[in-house]
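So the chains spell out like this:
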Amino acid sequence: MSTDTTQVRVPSPAPATSRRGKGINSQTGAGWLFVAPTVLILGIFLFVPVLMAAWVSVSDWNGRGSPFGGTTNFVGGANYAEMLGGRGLPARDFGTSLRNNLYYVVLVVPLQTALALTLAFLVNKRSLKGKGFFRTAFYFPSVTSSVAITVLWLFLFSASGAVNGVLSTLSIQGPNWFQDPRGIIHLILGGGDAPDALSRPGFLGISPWEWMAGPSVAMCAFILMAIFTTSGTFMLLFLAALQSIGEETDEAAMVDGASTWQRFWHVTLPLLRPTLFTVITLGLIGTWQVFDQIYTGSQGGPSKTTLTPAFLSYTSAFESQRWGRGAAIAFILFAIIVVFTLVQRLVLGQADPTEPNRRQLKQDARSREKAASAALDPTVAVQGSKGVD
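Residues numbered from 1 in each chain as written. Predicted model: local features only at pLDDT ≥ 70, side-chain atom pairs only at ≥ 80, totals over all residues. Heavy atoms only, no water.

### Points about the overall build of the protein chain
Inference 1: On a plain count of helices and strands, the protein chain comes out with 16 helices and 2 strands.
Inference 2: Long-range pairs, those at least 24 residues apart, make up 71% of the contacts in the protein chain between residues at least 6 apart in sequence.
Inference 3: Accessible surface, the protein chain as shown: approximately 23900 Å² in total, 64% of it carbon and sulfur. (Helix = DSSP H or I, 4+ residues; strand = E, 2+ residues; numbered from the N terminus. Contact = heavy atoms within 4.5 Å. Areas by Shrake-Rupley, 256 points an atom, 1.4 Å probe, with all protein chains shown as cover.)

Given below as structure tokens:
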């Protein structure tokens, strides 16, 4: 019995033809030709201004002449240190604006997300009649001018407005909403003077007692307005996601004996995670950039309790002619938005539970590379056996 093993040389596959290479190059050139106008427009009107603003944030430009002229000097991080140092009126104003905006974000984003998801479930029910009317009614405030909504809100929440009129029928004396600087948490605690240990200046020049004051009564009116105007847009996003899930998944969970809450928590909500990530991200960006409502409604008052970083950046640049300070505030605000987005990305985890994660994708890519290299190996060992009596 003998065995004979021979090495058979298999010719390597022919290289790709030059015609194919020319086709790929021509497609690449055509693609760049089509996207060139968009890249050019974005470069001129987006990237170039961002680079100019970055230079202004590290200079002492006063708004006169060119920011690249000889009268403009490089000051490094002085504008950023002035905001973050915690000393002086600019740092205190910046700290106040961060405190106000932080409460605004913490209250608006969860409430508008929950309300939008609730409205989406309501208008997605089969038993609901007049779905088109309700969808349009819920979405209408989102397409209305924010300035018009703000003016309407000023009338509704004035001292003699409709809101206080409704409260008076319930024997509740409503406040003068847009003129009341008192913090909600202080009002709940009964007011009073701050303890000595909490009245000393702290982070960004703001005392712990002021950090714990909560949003002012005036800011609460803006919070209600933001929830009212933005929930309709996010309702449409959730509605589209609910309709893409289909009823088969919910019916399968119902057959397995899952309750309504279990179907929502363990089936529907995980499938809505990509949309939830989008809604929360858009909500974070929009709430940290709130400007037009403040500009139209309160100009940062009363007592700077509705001052926001976006409005402070505007007043620093266009009113105080401190363009470097205004640009620095804008870049700090951009960094805050990026940090919050990354944090909520980590909290939510994988955006789509039905898609493979990065580790799985890397393993699949390595497996494909090994299979491809084995298939393209020009030397294949062929073992042949010959039987000899």
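### Regarding the nonpolar core
Inference 1: Core analysis: the largest hydrophobic core is formed by 50 residues, its most contacted members being Phe94, Tyr104, Trp153, Phe178, Phe222, Phe238 and Trp288.
Inference 2: Broken down by secondary-structure element, the contributors of at least two residues to this core are α3 (88-123), α5 (146-156), α9 (217-245), α12 (273-288), α14 (309-319) and α15 (323-348).
Inference 3: With 14 residues, the single largest contributor to this core is α9.
Inference 4: Once residues within four sequence positions are removed from consideration, tryptophan 288 is found in contact with Leu98, Asn101, Leu102, Val105, Leu333, Ile336, Ile337 and Phe340. (Core = buried A, V, L, I, M, F, W, Y, C linked by side-chain atoms within 4.5 Å. Buried < 20%, exposed > 50% of the residue type's maximum accessible area, 1.4 Å probe, protein only.)

### Details of α14
Inference 1: The buried fraction of α14 is high, at 8 of 11 residues.
Inference 2: Regarding α14, the residues found buried are Pro309, Ala310, Phe311, Leu312, Ser313, Thr315, Ser316 and Ala317.
Inference 3: Where α14 is buried, its residues touch α3, α13 (292-297) and α15.
Inference 4: Residue glutamine 321 follows α14 closely and has a positive phi angle near 60°.

### Section: the packing of aromatic side chains
Inference 1: If you walk through the whole model with that rule in mind, you get 22 aromatic pairs.
Inference 2: Grouping aromatic residues by their ring pairs yields a cluster made of Trp61, Phe291, Tyr295, Phe311, Tyr314, Phe318 and Trp323.
Inference 3: Positioned over the ring face of phenylalanine 277 is arginine 345, at 5.6 Å from the centre of the ring. (Phe/Tyr/Trp six-rings, centres within 6.5 Å; stacked < 30°, edge-to-face > 60°. Lys NZ or Arg CZ within 6 Å of the ring centre and 35° of its normal.)

### Points about the side chain of glutamine 344
Inference 1: The residue glutamine 344 is located in helix α15 in this model.
Inference 2: Of the residues examined, glutamine 344 reaches a relative accessible area of 9% and is grouped as buried.
Inference 3: At 2.7 Å, the side chain of glutamine 344 and the side chain of threonine 281 are in polar contact.
Inference 4: Not counting chain neighbours up to four residues away, the residues in contact with glutamine 344 comprise Phe277, Ile280, Thr281 and Leu284. (Polar contact = N/O pair within 3.5 Å; in protein donor to acceptor, adjacent residues only side chain to side chain.)

### Quick look at the pattern of salt bridges
Inference 1: A complete count under the given rule lists 5 salt bridges for this structure.
Inference 2: In this structure, the salt-bridge partner of glutamate 82 is arginine 322, at a minimum N-O distance of 3.5 Å. In this pair, glutamate 82 sits in helix α2 (residues 78-84) while arginine 322 sits in the loop between α14 and α15, placing the two residues 240 residues apart along the sequence.
Inference 3: Residues joined in a network through salt bridges with shared partners are Glu82, Arg322 and Arg325. (Salt bridge = Lys/Arg side-chain N within 4 Å of Asp/Glu carboxyl O.)

### Observations regarding the confidence of the model for the protein chain
Inference 1: Chain-level pLDDT for the protein chain is 84 on average; 86% of the residues reach the 70-or-more range.
Inference 2: In this model, residues 380-389 is a region of pLDDT below 50 whose contacts with residues beyond four sequence positions or in other chains number 17 contacts. (pLDDT = per-residue confidence, 0-100.)

### Quick notes on the environment of histidine 186
Inference 1: For histidine 186, the position within the fold is in helix α7 (residues 184-188).
Inference 2: Look at histidine 186 and you get buried, because its relative accessible area is 16%.
Inference 3: Remark: the alpha-carbon pair of histidine 186 and tryptophan 209, spanning 23 residues in sequence, is separated by 9.1 Å.
Inference 4: If sequence neighbours within four positions are ignored, histidine 186 has contacts with Gly191, Trp209, Met212 and Ala213.
Inference 5: There is a polar contact of 3.1 Å between the side chain of histidine 186 and the backbone oxygen of tryptophan 209.

### Here we look at a nonpolar patch on the surface
Inference 1: Among the surface-exposed residues, Leu102, Val106, Leu107, Leu111, Val339, Phe340, Val343 and Val347 lie close enough to one another that they form a single nonpolar patch of about 650 Å² accessible area.
Inference 2: Every element with two or more residues in the nonpolar patch is listed here: α3 and α15.
Inference 3: Looking at where leucine 107 falls in the secondary structure, it is placed in helix α3. (Patch = residues over 30% accessible without salt bridge, like charges linked within 9 Å, V, L, I, M, F, W, Y side chains within 5 Å.)

### Quick look at the side chain of asparagine 164
Inference 1: As for its position among the elements, asparagine 164 is in helix α6 (residues 162-169).
Inference 2: Separated by 3.0 Å, the side chains of asparagine 164 and tryptophan 177 make a polar contact.

### Topic: unusual backbone geometry
Inference 1: Residue proline 302 is bonded to the preceding glycine 301 through a cis peptide linkage, with omega at -5°.
Inference 2: Along the chain, proline 302 falls in the loop between α13 and α14.
Inference 3: Phi is positive for lysine 304, which is not a glycine, with a value near 65°.
Inference 4: Even without a glycine there, the phi angle at glutamine 321 is positive, about 60°.
Inference 5: Relative to the helices and strands, glutamine 321 is located in the loop between α14 and α15.

### A few points about α9
Inference 1: Between the first and last C-alpha of α9 there are 41 Å, a value that for 29 residues agrees with the 42 Å anticipated at 1.5 Å per step.
Inference 2: Within α9, the axis deviates most sharply at serine 231, by approximately 35°.
Inference 3: Within two residues after α9, glycine 246 carries a phi angle of roughly 90°, on the positive side. (Expected span 1.5 Å × (residues − 1). Bend = angle between axes of the 7 residues up to and from the residue.)

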